Amino acid sequence: MIRYAFKTSAWQPTETEWLRAAATISNTERERISQFMYRRDAKQSMVGRLLMRTCFARLANMAPESFSLLRDESGKPYLTVPPSPLASLSFNVSHAGDYAFLAASSSALVGADIMKVELRRNTTLKRFFGHMKRQFTEGEWRRIRYPTTDHDKLSNFYRHWCLKESYVKAIGTGIKFGLQRIEFDIGPLVEGVCRDTTVSIDGVLDQDWSFEEVLMDNHFVTTAAKCTNPWKTTEFMDSAIEVLSFKDLVVSETEYDDSFYFLNFNKKEENP
């Protein structure tokens, strides 16, 4: 299991860094990133693509710009012609809050999700929970609302949300699967980590799935994994999340030959 995290909020790209990053990805990806209104969103999207290509390049010992990626009907990226070292690789990327996150494995079907524990602006906890009422089962709502403080209730909400997102992203359906069909029984967080959570689908416990939840810098980082070969949860324990900086990424040695691409990015506001 490979897992990378990158703190996008702390990255203020230099022109050289942004243009090297741009040279690493495809024309379609560059165009998509250029359309974002805010630097925050452009950085998260760029880093998500660089995390994938760093993973591929390290495993296949190939240049990061040599990989061709498309998206399926659910929006999940996939390699069009994976080289043999990546033939059985399952990978997933998520970004929210201050981070982008990737999980990948050749021995399990994986899904990844990350969420920052914060209440959206211009709302209350009661209104927010009311808006999300149909996304959880009655049992899950009891567990979400069980704590006495609003912060702990919100924390439980994002635990459950990350678990559901990681599961549906792993199976490739997105939330159209029907989130009330999925019910999680969350285990305790011990030093910010839980590996005891279980999932039931349509009321039946599915023991093929394993989950790891990590509370990192006020973000829940969740990995869902379903065994495809003989594989155990200990693979989680043997592969801690690696927090990368730009110098750790595998990017093009040359810069994208269009300085306007950086100027267009750099003139934008960081956040809404």
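A few points on the structure. On a predicted model such as this, the values are computed, not experimentally measured, just so you know.

Attention shifts here to unusual backbone geometry. Located in the positive-phi region is Asn61, a residue other than glycine, with phi close to 55 degrees. Inspection of the secondary structure puts Asn61 in the loop between α3 (39-60) and β2 (69-71). The exposure class of Asn61 is exposed, given its relative accessible area of 72%. One non-glycine residue with positive phi stands out, namely Glu191, at about 55 degrees. Within the element layout of this structure, Glu191 appears in the loop between β7 (182-185) and β8 (193-194). On the accessibility criterion, Glu191 (82% relative accessible area) is exposed.

Relative to the helices and strands, Glu212 is located in strand β11 (residues 209-216). Relative accessible area serves as the criterion here: at 2%, Glu212 is assigned to the buried category. Polar side-chain contacts of Glu212 include one of 2.4 Å to the side chain of Arg3. Of note is the side chain of Glu212, whose polar atom sits 2.7 Å from the side chain of Arg195.

Moving on to the environment of Ile114. Within the secondary structure, Ile114 sits in strand β6 (residues 108-116). Each C-alpha atom of the pair Ile114 and Arg127 lies 22 Å from the other, and the pair is 13 residues apart in sequence. If we skip the residues at most four places from it in the chain, Ile114 touches Ser94, His95, Ala96, Tyr99, Phe101, Cys162, His219, Phe220 and Val221.

Their axes nearest at 9 Å, the elements helix α1 (residues 15-24) and helix α8 (residues 259-266) cross at an angle of 115 degrees. Classified by the angle their axes make, α1 and α8 are roughly perpendicular. Judged by the twist between their axes, the crossing of α1 over α8 is right-handed. Seen from α1, the contacting residues are Glu15, Trp18, Leu19 and Ala22; seen from α8, they are Ser259, Tyr261, Phe262 and Phe265.

This part takes up the sheet that holds strand β9 (residues 198-201). The three strands are arranged β7-β9-β10 in an open sheet whose pairing can be described as antiparallel. This sheet does not close on itself; its edge strands, each paired only once, are β7 and β10 (204-205). With four bridges joining them, β7 and β9 adopt antiparallel strand pairing. Its bridge partner lying in β9, Glu183 is registered against Ser200. Strand contacts of helix α6 (residues 150-171): β7 and β9, with the helix running at about 130 degrees to β7, the strand carrying the most contacts.

Angle between the axes and distance between the axes are the two parameters that describe a pair of packed helices. As a packed pair, α3 and α8 sit with axes 9 Å apart at the nearest point and diverge in direction by 130 degrees. The orientation of α3 relative to α8 falls into the category oblique. Packed against α3, whose contacting residues are Arg39, Ala42, Lys43 and Met46, the element α8 presents Tyr261, Phe265 and Asn266 at the interface. Tallied by class, residues from the contact of α3 with α8 come to four nonpolar, one polar and two charged.

Another aspect to go through is the nonpolar core. Within the largest apolar cluster, 40 residues are counted, with the highest numbers of intra-cluster contacts made by Phe101, Phe129, Phe157, Tyr158, Tyr167, Ile182 and Phe211. For this core, the element with the most residues is α6, which contributes nine residues. With residues near it in sequence (within four places) discarded, Phe157 still touches Phe128, Phe129, Met132, Phe136, Trp141 and Ile144. The next biggest cluster of nonpolar side chains, apart from the first, holds 36 residues, and it includes Tyr4, Trp18, Leu19 and Phe91.

Conventions adopted
- Residues numbered from 1 in each chain as written.
- Predicted model: local features only at pLDDT ≥ 70, side-chain atom pairs only at ≥ 80, totals over all residues.
- Heavy atoms only, no water.
- Helix = DSSP H or I, 4+ residues; strand = E, 2+ residues; numbered from the N terminus.
- Buried < 20%, exposed > 50% of the residue type's maximum accessible area, 1.4 Å probe, protein only.
- Polar contact = N/O pair within 3.5 Å; in protein donor to acceptor, adjacent residues only side chain to side chain.
- Contact = heavy atoms within 4.5 Å.
- Axes fitted to C-alpha atoms, helices over the stretch in contact; angles between N-to-C directions.
- Parallel < 35°, antiparallel > 145°, perpendicular 65-115°, else oblique.
- Left-handed = near helix turned anticlockwise from the far one by under 90°.
- Pairing = 2+ DSSP bridges.
- Nonpolar A, V, L, I, M, F, W, Y, C, P; charged D, E, K, R; others polar.
- Core = buried A, V, L, I, M, F, W, Y, C linked by side-chain atoms within 4.5 Å.

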